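Residues per chain are reported as follows:
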Amino acid sequence: MITYPTTGEAHRPGRIEVVCGSMFSGKTEELIRRMRRAQFAKQRVEIFKPAIDVRYSEEDVVSHDQKHIQSTPIDSSASILLLSSDIDVVGIDEAQFFDDGIVDVCNQLANRGVRVIIAGLDMDFRGQPFGPMPALCAIADDVTKVHAICVKCGSLAYVSHRKVLSDKRVLLGETQEYEPLCRECYQKALQEDQNKQ
């Protein structure tokens, strides 16, 4: 009898996939696309988001272009383990807002054969690595960096520039509060911000 190796989605070993980038780069849209494909393949899926993210919906994960998928809002990464038994694919949106325990949670899920898809900002508005995202990128089997377009010059965006005065690291917002900028335009914007103060 000839046996063939099982690869791809027929054999689903646990793995961690991270989709990261600036705001308006399509991270959530890509997360939703991958989750919908898993649903279409009749896999059992569950998607989680931080309870603090109520910009478009208290319950759904919603992209900037209004694509949406049902999700479970949670306050702590530990809840993911409690709520994801018998699940094939776990999606996590806005992972930068979760506690550092999310790294261990994702490893535990992947080690028990779950595909984990994570979307989040890799940097905050200051251009600093954001929350657990660097560690999640380090343990991931696959990292996809997506890019917005710089609103000043049309190059690939590097960071989300905050347009409003606030030093709070977590400030939920949209195009009124943030704009995607390339590295060069971001440096110019920082200089302009300093001149205003």
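Look a little higher up for the structure.
Anyway, here's the lowdown on the structure attached to this text. Just so it is clear, the structure is predicted and the values come from calculations on it, not from any experiment.

### Considering unusual backbone geometry
Apart from glycine, the bulk of residues carry a negative phi angle, and the bulk of peptide bonds sit in the trans form. Its identity as a non-glycine residue notwithstanding, Lys-42 has a phi of 65°, on the positive side. Secondary-structure assignment places Lys-42 in the loop between α1 (27-40) and β2 (45-50). Its identity is not glycine, yet Asp-86 carries a phi of approximately 60°, on the positive side. Its place among the elements puts Asp-86 in the loop between α2 (78-83) and β6 (89-92).

### Digging into the environment of Ala-95
Positionally, Ala-95 belongs in the loop between β6 and α3 (102-111). Overall, the relative accessible area of 0% leaves Ala-95 in the buried class. For the pair formed by Ala-95 and Met-133, sequence separation is 38 residues and the distance between their alpha carbons is 6.9 Å. Excluding its chain neighbours within four sequence positions, the residues that come into contact with Ala-95 are Ile-118, Ala-119, Gly-120, Pro-132, Met-133 and Leu-136.

### A short note on the sheet that holds strand β1 (residues 15-21)
Hydrogen bonds between backbone groups are what pair the strands of a sheet, and the pairing can be parallel or antiparallel. Spatially, β5-β2-β6-β7-β1-β8 is the arrangement adopted by the six strands of the open sheet, whose pairing is parallel. Each end of this open sheet is capped by a strand with a single partner; those strands are β5 (72-74) and β8 (142-146). Between one strand axis and the next, the sheet turns by 20° as a mean value, whatever way the strands run. When β6 meets strand β7 (residues 115-121), the two strands line up parallel, connected through four bridges.

### Some remarks on the pattern of salt bridges
The full count for this structure, using the stated rule, is eight salt bridges. Taking the shortest distance from any N to any O, the salt bridge between Glu-17 and Arg-15 comes out at 2.9 Å. Relative accessible area serves as the criterion here: at 18%, Arg-15 is assigned to the buried category. The partner of Arg-34 in a salt bridge is Glu-17, and the shortest N-O contact between them spans 2.9 Å. Note that Arg-34 is positioned in helix α1 and Glu-17 in strand β1, a separation of 17 residues in sequence. In this structure, Arg-34 and Glu-17 share a single accessibility class: buried. Each of the salt bridges in this network shares a partner with another, and the network as a whole consists of Arg-15, Glu-17, Glu-30, Arg-33, Arg-34 and Arg-115.

### With respect to the pairing of β7
Most of β7 is tucked away, with seven of its seven residues classed as buried. Traced from β6 through α3 to β7, the parallel crossover comes out right-handed.

Rules used in this analysis
- Residues numbered from 1 in each chain as written.
- Predicted model: local features only at pLDDT ≥ 70, side-chain atom pairs only at ≥ 80, totals over all residues.
- Heavy atoms only, no water.
- Helix = DSSP H or I, 4+ residues; strand = E, 2+ residues; numbered from the N terminus.
- Buried < 20%, exposed > 50% of the residue type's maximum accessible area, 1.4 Å probe, protein only.
- Contact = heavy atoms within 4.5 Å.
- Pairing = 2+ DSSP bridges.
- Axes fitted to C-alpha atoms, helices over the stretch in contact; angles between N-to-C directions.
- Salt bridge = Lys/Arg side-chain N within 4 Å of Asp/Glu carboxyl O.
- Right-handed = clockwise from strand over helix to strand, strands pointing away.

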